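Inside the fold
Given next are the chains, with one letter for each unit.
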Amino acid sequence: ESIEYYKLVEDWKFFSNIEALTIPAENITLDKNNISIKVSETTTLNITVLPENTTNKEVVWTSSDESVATVENGVVTALKVGVVTITATTTDGTNLSASCEVTVKSNGCELVAENIKTLHDRVVELPVYLVNDSEISAFQFDVYLPEGITIAIDEDEEYGMTLSADRATSSHTVSTFKQSNGAIRYACYSTKSAAFKGESGTLLFTIPLTIAKDIEGEFNVQIKDIILSSPSALGYNNPDMNIVVTVEKYELGDSNGDGIINVLDVVTTVNATLGIPSENIITDAADVNGDGVINV
């Protein structure tokens, strides 16, 4: 605007190349250098660019680990427990920067699951634990499954889930439904708004995963859009979980799939030869000569 003003003044008509004076940034600071926030919380970092009349005060915000926390226009959003560095950098060519170390802590109420290891062609239980320093009475989430892994169906034609008797009450019920995007949605609540009992961090439920035959490697089971609720409907947003399921194939002769070849495998194989059924038998492992038949 100043340039256009000068061009309109009669005395300046002879000056054809009028350029604006550019004042670079000399220093930038953040109002916080170290902060702690909980999962799902947000906080705002304010930046000061000096001198006051710096021409371009715009900065670029970056996070050292966007899986822990993201940042946009100075607003930091915590996603999971960890430590991350949020940095603001000038865009006027001076490349000045200022950083803040953000420690993301648990919000006090969250579901936790560990990676699991199993053999192919069997059902394995995925355990999930509830960490809570406040009362929780209900939860909801979506399970995304990779090809080769499904969830076992129970006798009520529902996707399986077994609630821990130590934590759930008799009034807790589970409903499941397959979403249009293929995810399996679970919803658990108490008809009496009863809180889960027991000690924080202990087992809350298990989900039966059916592992397909002849697959091996690492597979990602994702649990997303997790919501926990207190008896008074106070909500807690849980970070997404990624559970790595490592699937190994059998070792020839390990008929019961316990990872050891011993007399138990002999008994399992002999029983199969005699026509005595066994839930634990791995048919391909018991067929040691590879002729497709388990016999003497």
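All figures in this text were calculated on a predicted structure; none of them were measured in a lab.

1. Considerations on the sheet that holds strand β6 (residues 69-72)
Pairing is antiparallel across the open sheet formed by three strands, whose spatial order is β3-β7-β6. One side of each edge strand has no neighbouring strand; the edge strands of this open sheet are β3 (42-44) and β6. This sheet shows a mean twist of 20 degrees between the axes of neighbouring strands, independent of strand direction. Where β6 meets strand β7 (residues 75-78), four bridges bridge the pair, whose relative direction is antiparallel. The residue of β7 that forms the bridge with Thr70 is Thr77.

2. Considering a nonpolar patch on the surface
A cluster of nonpolar side chains, namely Val263, Leu264, Val266, Val267, Val270, Leu274 and Ile276, defines an oily patch on the protein surface of about 630 Å² accessible area. With respect to the helices and strands, Val267 occurs in helix α2 (residues 263-273). Here Val267 falls in the partly exposed class, since its relative accessible area comes to 43%.

3. Things to note about unusual backbone geometry
Between Leu50 and the following residue, Pro51, the backbone shows a cis peptide bond with an omega angle of 0 degrees. For Pro51, the location among the structural elements is in the loop between β4 (47-50) and β5 (59-63). Phi is positive for Asn73, which is not a glycine, with a value near 55 degrees. The residue Asn73 is located in the loop between β6 and β7 in this model. Accessibility expressed as a relative area gives 65% for Asn73, which makes it exposed.

4. Looking at the nonpolar core
If you look at the biggest cluster of nonpolar residues, it comprises 35 residues, and the most contacted ones within it are Leu111, Phe141, Ile207 and Leu209. When residues no more than four places from it in sequence are discounted, the contact partners of Phe141 are Leu111, Met161, Ile184, Arg185, Tyr186, Phe205, Ile207, Ile223, Lys224, Asp225 and Ile226. Of all hydrophobic cores here, the second largest spans 22 residues; its members include Val49, Val59, Ala78 and Ile86.

5. Things to note about the side chain of Glu110
With respect to the secondary-structure elements, Glu110 resides in strand β10 (residues 109-113). Despite its burial, Glu110 pairs with no opposite charge; the closest candidate is Lys80, at 11 Å N-O. The contact partners of Glu110, leaving out residues within four places of it in the chain, are Val81, Tyr129, Leu130, Val131, Leu228, Asn238 and Pro239.

6. What about the sheet that holds β5?
With mixed pairing, the four strands of this open sheet are ordered in space as β2-β9-β8-β5. Edge positions in the sheet fall to β2 (34-38) and β5, since each has one partner strand and no second. Each adjacent strand pair in this sheet contributes to an overall mean axis angle of 25 degrees, direction not counted. Here strand β8 (residues 82-90) pairs with strand β9 (residues 97-105) via eight bridges, running antiparallel. Along β9, the bridge assignment pairs Val83 with Thr103.

7. Considerations on the environment of Val59
Summarising the element assignment, Val59 is placed in strand β5. C-alpha of Val59 to C-alpha of Asp92: the two residues are 33 residues apart in sequence and 8.5 Å apart in space. In contact with Val59, other than residues within four places in its own chain, are Ile47, Ala88, Thr89, Thr90 and Thr91.

Conventions we followed
Residues numbered from 1 in each chain as written. Predicted model: local features only at pLDDT ≥ 70, side-chain atom pairs only at ≥ 80, totals over all residues. Heavy atoms only, no water. Pairing = 2+ DSSP bridges. Helix = DSSP H or I, 4+ residues; strand = E, 2+ residues; numbered from the N terminus. Axes fitted to C-alpha atoms, helices over the stretch in contact; angles between N-to-C directions. Patch = residues over 30% accessible without salt bridge, like charges linked within 9 Å, V, L, I, M, F, W, Y side chains within 5 Å. Areas by Shrake-Rupley, 256 points an atom, 1.4 Å probe, with all protein chains shown as cover. Salt bridge = Lys/Arg side-chain N within 4 Å of Asp/Glu carboxyl O. Buried < 20%, exposed > 50% of the residue type's maximum accessible area, 1.4 Å probe, protein only. Core = buried A, V, L, I, M, F, W, Y, C linked by side-chain atoms within 4.5 Å. Contact = heavy atoms within 4.5 Å. Lys, Arg positive; Asp, Glu negative; His and termini not counted.

In short, geometric facts, not functional conclusions.
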